[in-house]
Amino acid sequence: MNTKTWAAFAIWLCFLGLLINLFAFVNVAIPFLFILIFVIFVLIFIVIVLLRRTGDYFHPVSIFVFSFLIRLWLPAFLITVGVEPFPFLGTGWWVGDAWQKGLILGALANFSLVLGWMLLPAWPRHRTLAAAQHEKVHRGGVNLTALRMAAWLGFITGLFFYLFFFAINFGFLGSVEVLLSGVLRGGEVQQPGTSRYTFLAGNFLIWSSLILTIIMYQSTRSLFRSFLPPLSVTLLYMPFGGVLSLWRPYSWD
Amino acid sequence: MGVWYSGGRIKWSRRAILLALLLVIVTIWIAPGIRAYRGGGGIDALIKAFSPSVVLQDNILFWLEINMLHSYTYGVIFGPGSHTVSSLRYLFGGYTAYFLGVLDEVVHGTYIVWQVTGVQPDWGIHTGLPVDYYMSFGLAPMMGAMLLLGWGLKVLYQQLALPGGARSVARQAAYVFLFWSCYWLVYERGLGLLSLYESIAFLGIILLASKLLHGHKIKVSQRIASQTYFSH
């Protein structure tokens, strides 16, 4: 079968998955184990078809599907085989069958996303690989020196706001104490209204480190050197709360 | 992701794969320690949590940070139309509450915690677009929104990330951020579109600064060139 036939088959499977999950969602009796296996089969098949077409392991759909499988499908699978989840909010949310419908809700969302990708036409124009290559060849020279300088300025500005936040809240010695104690999470110990500086610091540091990483990789092809700016930002964000603040700027939360 | 696109495709050498694996292992390894440190335990708790017994016994990371099934389960339990917020907040996110004068309005994740515990909390679980839209509008609008999101992702990908497009640093950075905003919208916070706008604003500031710096350099070089011309 050629690529188009595989894609058509993937769309058909996706529709089938959508229908089966819709039926299950409105209480048609379908064995949950069948849904569990069918959903993973269809989604992985779709990802393989898309990867074959693009050769891109960071294909957006594959990332969404992978996340679904880890964050929704895997917990559902673990509960199905008898693993008891960590109690949350003092309730056993996995008791009863609402969690099964929860998984089906997630599957319906993912099937809809995949169909949106595969069925709706690109807009405003279909950017083909050939057109992209043409643009690459005929693109005017870009002054990366100016962009690199702007990114460093952004990085320094972010660093300034970061240090300013600590200085006005805790002073120099107090900041060291707060950093060692790990009590900054949630912002209870800081003065009200000062979180705006962490907002500015975060955005400047994240954006500039991203641009610096891209420019450095283009010029040096060294992964380690390229990732030094975001690694340093990650360390800077370690004391703050929030699920993903630590992994900034990997997570770009 | 940005680095992947900037290189066309990274050649997966053994060293790169080992480096990536090491990064994943270190990330998982230190996660419990970071939570202990942030819980007020400080550096001591961070160091103690490096012990293999702590890391291997810790399954809270998976069930509370990675797992989202509980959010979807509560979404189903409460059902369509159970909770909604001001319409503009779906488009512009959290800070819109200030301008709409609805700062006391709770979002879906907070509503869930409130209903489950019976006490109004000042925090909430992350729900994501499917749960938020399902609880607000029902199944069909949620699926419609996801369909549109799939199309939006396709447009972003084809315009910004395909080879050539990815050679432009600005396009590539914009793609990484826009993609992440979409991901955040679906898997973390359905009302989080504002982070997308603020990201664009900060990218704009840096790009504008680069244009200004570039213009400054051109003016200098033109002056030097004109001096050179007249000196001859």
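1. Side note on the overall build of chain A
Secondary structure assignment for chain A yields nine helices and zero strands. What you see in chain A, going N to C, is helices and strands ordered as α-α-α-α-α-α-α-α-α. Looking at chain A as a whole, 47% of its 253 residues are labelled buried. Within chain A, contacts between residues at least 6 apart in sequence are counted, and of these 66% link residues at least 24 apart. Only carbon and sulfur atoms are counted for the fraction: they give 70% of the accessible area of chain A, which is about 12,000 Å².

2. Details of the overall build of chain B
Of the regular secondary structure elements, chain B holds twelve helices and zero strands. In chain B, the succession of α and β elements from N to C terminus is α-α-α-α-α-α-α-α-α-α-α-α. Per-residue burial over chain B gives 49% buried out of 232 residues.

3. Remarks on the interface of chain A and chain B
Taken together, the 107 residues of chain A in the interface contact 94 residues of chain B. Counting each side, the surface lost to burial between chain A and chain B is near 9,100 Å², with a carbon and sulfur contribution of 74%. Taken together, the connections running from chain A to chain B amount to zero salt bridges. If you list the elements that add at least two residues to the side of chain A that touches chain B, you get α1 (3–25), α3 (60–80), α4 (98–119), α5 (129–138), α6 (144–181) and α7 (195–220) of chain A. Sort the elements by how many residues they give to the side of chain A that touches chain B and α4 of chain A lands first, with 16 residues.

4. Here we look at the nonpolar core
Where a protein is soluble and globular, its nonpolar side chains tend to be buried together. Counting residues in hydrophobic clusters, the biggest one holds 124 residues, and the most contacted among them are F64, F68, W93, L103 and I211 of chain A together with M142 of chain B. Element by element, the count of residues in this core is highest for helix α11 (residues 169–187) of chain B, at 15 residues. Residues in contact with F64 of chain A, not counting those within four places in the same chain, are N110 and L113 of chain A together with L153, F179, C182, Y183, V186 and Y187 of chain B.

5. Points about the confidence of the model for chain A
Across chain A, pLDDT averages 82, with 84% of residues at or above 70. Confidence, expressed as mean pLDDT per element, reaches its minimum in chain A at α5 of chain A with 58 and its maximum at α4 of chain A with 94.

6. Section: α7 of chain A
Given a rise of 1.5 Å per residue, 26 residues ought to cover 38 Å, and the 36 Å separating the end C-alpha atoms of α7 of chain A matches this to within 8%. Of the residues flanking the end of α7 of chain A, it is R221 of chain A, one or two places downstream, whose phi is positive at about 60°.

7. Concerning the side chain of H59 of chain A
Along the polypeptide, H59 of chain A turns up in the loop between α2 (32–54) and α3. Relative accessible area serves as the criterion here: at 1%, H59 of chain A is assigned to the buried category. With residues up to four places along the chain from it excluded, the contact list for H59 of chain A reads L50, L51, T54 and W117 of chain A together with Y5 and Y157 of chain B.

8. Focus: the packing of aromatic side chains
Applying the stated criterion across every chain yields a total of 34 aromatic pairs over all chains. Relative to W99 of chain A, the ring of F32 of chain A has its centre 5.2 Å away and its plane inclined at 80°; by these criteria the two rings are edge-to-face. Here W99 of chain A lies in helix α4 and F32 of chain A lies in helix α2, a separation of 67 residues in the sequence. Through pairs of rings, three or more aromatic residues link up here, namely F64 and W117 of chain A together with Y157, Y175, F179, W180, Y183, W184 and Y187 of chain B. Sitting above the plane of the F25 of chain A ring, K101 of chain A keeps its charged end 5.8 Å from the centroid.

Rules used in this analysis
In every chain, residue numbers begin from 1 and rise along the written sequence. Throughout, the order in which chains and ligands are written sets their labels, letters from A for the former and numbers from 1 for the latter. Under the rules for a predicted model, residues below a pLDDT of 70 receive no local features and side-chain atom pairs below 80 are neither given nor counted, while totals for whole chains, interfaces and linings still include all residues. Note that water and hydrogens are dropped before the side-chain values are worked out from all heavy atoms of the structure. Each helix is a run of DSSP H or I of at least 4 residues and each strand a run of E of at least 2, with the numbering of both proceeding from the N terminus. Only protein chains enter the accessibility calculation, which uses a 1.4 Å probe; a residue is then buried when its area is under 20% of its type maximum, exposed when over 50%, and partly exposed in between. Two residues form a contact once any of their heavy atoms are found within 4.5 Å. Throughout, the Shrake-Rupley method with a 1.4 Å probe supplies accessible areas, and for residues the shown protein chains are the sole cover considered. Buried area is understood as the total, over both parts, of accessible area removed when two parts are fitted together, assessed with a 1.4 Å probe. Any Lys or Arg side-chain nitrogen located within 4 Å of an Asp or Glu carboxyl oxygen qualifies as a salt bridge. What makes a nonpolar core is a set of buried Ala, Val, Leu, Ile, Met, Phe, Trp, Tyr and Cys residues whose side-chain atoms join them at distances within 4.5 Å. Within a predicted model, pLDDT stands for the predictor's per-residue confidence, ranging from 0 to 100. Multiplying 1.5 Å by the helix residue count minus one yields the expected span of that helix. Each Phe, Tyr or Trp ring (for Trp, its six-membered ring) is paired with any other whose centre lies within 6.5 Å, and the angle between the two planes then decides the class: stacked below 30 degrees, edge-to-face above 60, tilted in between. For a lysine, the NZ atom is tested; for an arginine, the CZ atom; a charge sits over a ring if that atom is within 6 Å of the ring centre and within 35 degrees of the ring normal.

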